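An overview of the molecular structure
Each chain, letter by letter, is given below.
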Amino acid sequence: MNGRQALKGVKRHPTSLIFAIIGSFILIFAILTIFNMVFRQLVLEPENLVKAICDPMVMGSIGLTLYSSFLATVIAIILGTPLAYVLARHNFLGKNIVESLVDVPIVIPHTVAGIALYGLLMSKGAVGTAFSNLGIVFEDSMWGIVAAMLFVSAPFFVNAAREGFQSVDPNIERVARTLGANQWQAFYRISLPLALSHIFSGAIMSWARGTSEFGAIIFIAFYPMIAPTLIYYRFTTHGLTGSQPIAVLLIIICFVIFMVLRVITKRWGQHRVSP
Amino acid sequence: MLALENISHNFGEFSLKRVNIRVKKGEYFVILGPTGAGKTLLLEVVAGLHIPREGQVLLNRSDATAIPPEKRNIGFVYQNYSLFPHMTVEKNIAFGLKMHKIPKKEAEVKVREIMGTMRISHLAARHPHTLSGGEQQRVALARALVIDPEILLLDEPLSALDPRIQETLQEELIRVHRARDVTTVHVTHNQTEALLLADRIAVMMDGKVVQVDTPQGIFNKPTSSEVADFVGVENIVIGEVKSNEGGVAHVETEDFDISALSTYMEGRVKAFIRPENVTLSRTSLKSSARNNVKGRIVKITDLGVTVRIQLDKGVKALITKNSAEELGLKIGDEVYASFKATAVHLSRT
């Protein structure tokens, strides 16, 4: 906000204009791609969209996608928040390595991740065996989907939450300690509420990332079909007419949920401002 | 009351090297030193936010070195106020009482009382980011004081404020300290602040406590040239004591002789003279108790209210702009610099 105010009234050099024009290409590219598809579907072929809404398999797969990535995000919050806090607050030997490890899932190709996850979590895999003894099977089950989504989306959550904790002045926590708060109380009464807006935007990012995953999931759980899998499957069997309505439906639902969450969580970060 | 014994510690780029300090009950103790001297780290060791690598922190004669901060009952105020941004002023102040499980009714009374004392009652429902710096620091003080701390630690509490607010808050600190009789350790790099507030001052440099004394002692009788330099004793000359007559030592330096109040009978010494204790005149002011140095002005620095005049013999004088104008001083003029024998402080080199 201050940056915007500072620029007001300053005569702009053509550089800004040139940059704006160049920069707009990337935006136009993104908007055009989505708009082209949504427009064609909504205006030119609305009957296929209605058919897709009425198709229980389509709605089931979208529901499964949203639910699985929600579960993955909840797990990311529970396991990722302490990690994010430690990374934000402490310096230790090998911290750089840990930070790079957090980012590994972002860097590696998702098909590679899928293969690796399958190797680990299949019933005969190193970890899969232990879980199958507990009655949890990953192969072709929702848990496989959740595991793959967690793998690819957790970094987004951890990084956002870490930024959130880093934005809290450590002195504030120290003062809380001197006022009688133990370490846990200083965390959940001071740092956690102050990092909450970052944590929620991280959670939304993580949820969106999970929802969009396809590559890592199909290796471990082609079935039950999540929406991206179904879109791909329908594309190979029925072409664009069969797959596009599902894609548009998924986009619209995600967009609505995304906007609602944004509106709800927006005011949470407002008292963070300090002059 | 508070004793630090041989504290050594490292944290980031800061370090403490065998620090020994004793603060008496009810004392207003100032730790004065340049940025990076380790002053904040020392306060954080006292608060229990760091466990020192070596040494002991004694609170009321018992070892508190390993006691966590929440059990020490120490109030802490940082330079940047460090108010909880998501809480109102009232909630900020009540936080410590809540953590100490003080019953709600009692806590409300205490919060109201301290807000009255700090003159911030009208801000109770406001959030920190809507307050001015001065107001925020009052809230921070109230929040630290409301828990009735054994010790109040102030880390550069006035440094971020503008001079006018600094002055009123200085008065406030004196008033609060008198009224509550709370043992206070105040860290600052500002000499005026130290001079004004302190019962005693410890000068800290490069992680070490280099001198502990009353403000008068520190400013008039620095024991080393580093301290002298830091507290603004700009005249430091090396010489030799040749004789001593009735407590007045006669010191010969390279350029001029000095009479100084001292018990030294002989030997090499450093003589410290504060520039504000040096007066300038056009004619020699001969008197037995005064030193007189004739010199030529080589530099005149305008400092706003005062002017620093430097003579070719290395003597610096700090005089008001008014008197500089009255004397019509300009570069190249020949003047007499004079200072009393009592204004000279000698220390062994």
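Rules behind the numbers
Residues numbered from 1 in each chain as written. Chains lettered and ligands numbered in written order. Predicted model: local features only at pLDDT ≥ 70, side-chain atom pairs only at ≥ 80, totals over all residues. Helix = DSSP H or I, 4+ residues; strand = E, 2+ residues; numbered from the N terminus. Contact = placed C-beta atoms within 7 Å. Nonpolar A, V, L, I, M, F, W, Y, C, P; charged D, E, K, R; others polar. Pairing = 2+ DSSP bridges. Axes fitted to C-alpha atoms, helices over the stretch in contact; angles between N-to-C directions. Domains from an automatic or database assignment. Parallel < 35°, antiparallel > 145°, perpendicular 65-115°, else oblique. Left-handed = near helix turned anticlockwise from the far one by under 90°.

With that out of the way, let us pick up the overall build of chain B. For chain B, the helix and strand inventory stands at 9 helices and 20 strands. When its C-alpha atoms are laid out on the principal axes, chain B stretches across 75 × 45 × 35 Å. In chain B, the proportion of contacts linking residues at least 24 apart, taken out of those at least 6 apart, comes to 64%.

The next thing to look at is the interface of chain B and chain A. Facing the 21 residues of chain B at the interface are 21 residues of chain A. Taken together, the elements giving at least two residues each to the side of chain B that touches chain A come down to strand S6 (74-77) and helix H2 (89-99) of chain B. Here the residues of the side of chain B that touches chain A are counted per class, giving 12 nonpolar, 8 polar and 1 charged.

Residue and element names in this part refer to chain B. What the 5 strands build is an open sheet, ordered S15-S19-S16-S17-S18; its pairing is antiparallel. The outermost strands of the open sheet, each flanked by one partner alone, are strand S15 (279-281) and strand S18 (316-320). For this sheet, the mean inter-axis angle between neighbouring strands, taken without regard to orientation, is 45 degrees. Relative to strand S17 (residues 306-311), strand S16 (residues 290-302) runs antiparallel, the two being bridged by 5 bridges. Looking at the pairing, Ile 297 lines up with Leu 311 of S17.

All names here are of chain B. Bridge count between strand S1 (residues 2-11) and strand S2 (residues 14-23): 7 bridges; the pairing is antiparallel. Bridge pairing in S2 places Ala 3 opposite Arg 22. Between S1 and the antiparallel strand that follows it, S2, lie 2 residues; Gly 12 among them carries a positive phi value of about 60 degrees.

So, on to the environment of Met 149 of chain A. All names here are of chain A. By secondary structure assignment, the location of Met 149 is in helix H8 (residues 142-166). With 66 residues separating them along the chain, Met 149 and Gly 215 place their C-alpha atoms 10 Å apart. Apart from residues no more than four positions distant in its own chain, Met 149 is found in contact with Ser 68, Ser 69, Ala 72, Gly 210 and Glu 213.

Let us look at the domain arrangement of chain B. Residues and elements named next belong to chain B. Structurally, chain B comprises domain 1 (2-227) and domain 2 (233-348). Here the C-alpha centroids of domain 1 and domain 2 sit 38 Å apart. Every contact between the two is made by 5 residues of domain 1 and, on the other side, 6 residues of domain 2. The residue makeup of the side of domain 1 that touches domain 2, split by class, is 1 nonpolar, 3 polar and 1 charged.

Here we take up the packing of H2 of chain B against helix H3 (residues 104-117) of chain B. Residue and element names in this part refer to chain B. Here H2 crosses H3 at 130 degrees, and the two axes come no closer than 10 Å. The angle between the axes of H2 and H3 places the two elements in the oblique class. The handedness of the crossing between H2 and H3 comes out as right-handed. Of the residues in H3, those touching H2 at Glu 90, Ile 93, Ala 94, Leu 97 and Lys 98 are Ala 107, Lys 110, Val 111, Ile 114 and Met 115. The class makeup of the residues in the contact of H2 with H3 is 7 nonpolar, no polar and 3 charged.

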